[in-house]
Amino acid sequence: MKRFIIITIEILLCFLLQTTIFQWIALANVVPNLLLILTVSNGFLRGRKSGLTVGFFCGLLVDLCFGNLIGLYAFMYMAIGYANGFANIVFDKDDQIIPMILVGISDFFYFFLYYVFNFLLRGKLNIFFYFTRIGLPEIVYTLLASIFLLKLFYIINKHMEKAEQEEV
Amino acid sequence: MRRRTKLNLNPKHVFIAVAILCFALMFLSYQFGDELSPIKTVVGDVISPMQKGINTVGHGLFNQFEKIASFNKLLDENTRLKEELNVLSYENKILLQDKYELDRFRDLYKLDKKYADYPKVAARVIAADPNNGFSTFQIDKGSDDGITVDMNVIAGNGLVGIVESVGKNYATIRSVIDDSSSVYGMFLKTSDTCVVRGDLEKLEKGVIGVEMIKKEADIQDGYEVVTSNISDKYLQGILIGYISNITVDSNNLSKTADLTPAVDFEHLEEVLIITEVKEKLE
C-alpha cells in the first residue's frame, strides 16, 4: 500500500515536472522524458511486472492528457517497462551505470515507436530528420536528467524495501 | 496473503493481458472517441490544477532565475531596441512631414479648383532670400518646366508674387510683400483700382500698404483686393488680401489702407505657377 502511494506520487510528480517546469528549461525544444526514466528505473529495480505496471500508468496518464488515442503511449511505456524488467534478472541492482545505458536504449526505442506511430503512419518517411530533431536531443537530455533521477529512485526504492522487510 | 497470490502471476501473462487491454483501449477510443472524452476531461480536471500550481510556483522561481540569466541579454536588447527606436522615430518624423505636405497639397488642390481657368504648375520653395525674410525666394522649377519671367505665382488663398528671373531648373520669385513690389489691384466689390505696395515697415505688423485709392471709393475694412484688369503683368482676379485701417491722405485726394495678405508667407513651402503670361500691349 505504501509502495502504491509512493509510486503514484512519483508518477504524478514526474508527469507534472515534465509537462510544466521542464518545458521552460527545454533545450532545443526538447524535454527530458522523466516518465521513461521512472519506468526504466522500476523495471530495473523491481522486475518485469512492476516495470510494466508503472509504465502502463505513466503512459495512460500521457494518453489521457495529451494523446488522442487512449492506450498508445500506455502500450509504449508498458513494453519498455517490461523489457527493462529482464535487466533485473541479469544485472545487479546496485549498479549505477547499467540503468543509464538502459535509459539510453529505452529512449531510442521510445523515439522509434513514437516516430512509427506519429510520423511513419502519416507517411513521413524521413526518419533521419526526426531523429536529429527530436530523438537525439531527447536521448541526451534524458540521460543527463537520469544521472540524478536514477540515483533518487534507487534511494527511494532501497528505503521502501527496507521498510517492507521490517514489516514482514 | 493477497500479496503472495499476486506475486505468483507470471509477468509474461500480465504483459500480454495489459497489451491486449491497451489495444482494446486504443480500439475503443478510436471507435467511441466522443463517448470517452468525459474520462479524459476528468483526468484533465484533476491534473490541470496541479500543473497550474506548479506553473505558478515554478514560474515565479524560474522567472527570478531567468532574470539573472538574461540580464546581459536584456542589456544588449535594450541597446538594440534604442537604436531601433531612433530609426523608427526618425521614420515617423519623415512620415509626419509627408503628412503635413499632403495637407498642404490638398489645400493647393482646393486652390487649384478655385483658379481653374489658368493652367498651373506646382513647385516647391527651395530657397529664400536670407536678407529680408521671405520676400524673394527660389522654386525648384525653371525654364525646363516651361516657366518664364512674369508668370504669376499663387499659393494658399491668393497671390504670392511674380517670377522675376528664370534659370534652367529654378526660378526666382518676388513676392507681393517685397519692399520693391507693387501690384495693380482692385476692390472686388466696387472695382475701384489701387496699388498694392510691399512695405517692410508695415510688414512688421503683418500687413502691406495699399495706395492710390480714389477718395470717393466706397470701401470698408475687410474688402477683398484682387489683381486688377489694368495690370500689365498680373492676371486679373487673383486675390491679394483684405484691407483694413483706411485713411484719407493728407492731399485729400486719395486714400491709403493696410492690406493683410491672403497667403501665409511665413510658412510657404509649395506654390502654384500660372503658366499663362498676360499678353502685353505692343
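Residues numbered from 1 in each chain as written. Chains lettered and ligands numbered in written order. Predicted model: local features only at pLDDT ≥ 70, side-chain atom pairs only at ≥ 80, totals over all residues. Heavy atoms only, no water.

The name given to chain B in an unreviewed UniProt entry is Cell shape-determining protein MreC, and the organism recorded there is Anaerocolumna aminovalerica. Chain B has a UniProt comment under Function (unreviewed entry) that states "Involved in formation and maintenance of cell shape." (UniProt positions renumbered as here; feature names shortened; annotations may be inferred.)

In the nomenclature of an unreviewed UniProt entry, chain A corresponds to Rod shape-determining protein MreD from the organism Anaerocolumna aminovalerica. Under the heading Sequence similarities (unreviewed entry), UniProt records this for chain A: "Belongs to the MreD family." In the Subcellular location (unreviewed entry) part of its UniProt record, chain A is described as follows: "Cell membrane".

## Considering the overall build of chain B
Check the secondary structure of chain B and you find five helices and twelve strands. A burial count over chain B gives 35% of its 282 residues as buried. Intrachain contacts of chain B at a sequence separation of at least 6 include 57% that bridge at least 24 residues. By element, 56% of the accessible surface of chain B is carried by carbon and sulfur atoms, the whole surface being about 17700 Å². (Helix = DSSP H or I, 4+ residues; strand = E, 2+ residues; numbered from the N terminus. Buried < 20%, exposed > 50% of the residue type's maximum accessible area, 1.4 Å probe, protein only. Contact = heavy atoms within 4.5 Å. Areas by Shrake-Rupley, 256 points an atom, 1.4 Å probe, with all protein chains shown as cover.)

## Section: the overall build of chain A
Each helix and strand counted, chain A has seven helices and zero strands in total. Element order for chain A, N to C, with α for helix and β for strand: α-α-α-α-α-α-α. Looking at the 168 residues of chain A, the share that counts as buried comes to 51%. Across chain A, every contact between residues at least 6 apart in sequence was considered, and the portion connecting residues at least 24 apart equals 68%. Just so you have it, chain A exposes about 8200 Å², and 71% of that area is on carbon and sulfur atoms.

## Thoughts on the packing of helix 3 (residues 34-46) of chain A against helix 7 (residues 127-167) of chain A
Each pair of packed helices can be described by the angle between their axes along with the distance between the axes. Residues and elements named next belong to chain A. At a minimum axis separation of 9 Å, helix 3 and helix 7 run at an interaxial angle of 45 degrees. In terms of orientation, helix 3 lies oblique with respect to helix 7. Crossing angle aside, the handedness with which helix 3 passes helix 7 is right-handed. Contact residues: Leu34, Ile37, Leu38, Ser41, Leu45 and Arg46 in helix 3; Thr142, Ala145, Ser146, Leu149, Leu150, Phe153, Tyr154 and Asn157 in helix 7. Along the lines of polarity and charge, the residues of the contact of helix 3 with helix 7 split into nine nonpolar, four polar and one charged. (Axes fitted to C-alpha atoms, helices over the stretch in contact; angles between N-to-C directions. Parallel < 35°, antiparallel > 145°, perpendicular 65-115°, else oblique. Left-handed = near helix turned anticlockwise from the far one by under 90°. Nonpolar A, V, L, I, M, F, W, Y, C, P; charged D, E, K, R; others polar.)

## Let's talk about helix 1 (residues 2-19) of chain A
An ideal rise of 1.5 Å per residue puts 26 Å on 18 residues; helix 1 of chain A measures up with 26 Å between its terminal C-alpha atoms. Residues of helix 1 of chain A that are buried include every one of A:Arg3, A:Ile7, A:Glu10, A:Ile11, A:Cys14, A:Phe15, A:Leu16, A:Gln18 and A:Thr19, and no others. (Expected span 1.5 Å × (residues − 1).)

## Things to note about the confidence of the model for chain A
Model confidence for chain A is summarised by a mean pLDDT of 86, while 96% of its residues fall at 70 or above. By mean pLDDT, helix 2 (residues 21-24) of chain A is the weakest element of chain A at 70, and helix 3 of chain A is the strongest at 91. (pLDDT = per-residue confidence, 0-100.)

## Some points on the interface of chain B and chain A
Of the residues lining the interface, 29 residues belong to chain B; the matching set on chain A comes to 30 residues. When the two sides are added together, the surface that chain B and chain A hide from each other amounts to roughly 2600 Å², 79% of it contributed by carbon and sulfur. Put simply, chain B and chain A have zero salt bridges between them. At the boundary of chain B and chain A, one finds two residue pairs in polar contact (both at pLDDT 80 or more). Contributions of two or more residues to the side of chain B that touches chain A are made by helix 1 (2-7), helix 2 (11-31) and helix 3 (33-69) of chain B. It is helix 2 of chain B that contributes the most residues to the side of chain B that touches chain A, 13 residues altogether. The residue inventory of the side of chain B that touches chain A, partitioned by class, reads 20 nonpolar, five polar and four charged. (Buried area = accessible area lost by both parts, 1.4 Å probe. Salt bridge = Lys/Arg side-chain N within 4 Å of Asp/Glu carboxyl O. Polar contact = N/O pair within 3.5 Å; in protein donor to acceptor, adjacent residues only side chain to side chain.)

## Focus: the side chain of B:Ser231
All names here are of chain B. Along the chain, Ser231 falls in the loop between strand 9 (224-227) and strand 10 (239-248). The buried category is assigned to Ser231, whose relative accessible area is 5%. Once you skip the residues sitting within four places of it in the chain, Ser231 turns out to touch Tyr184 and Lys278.

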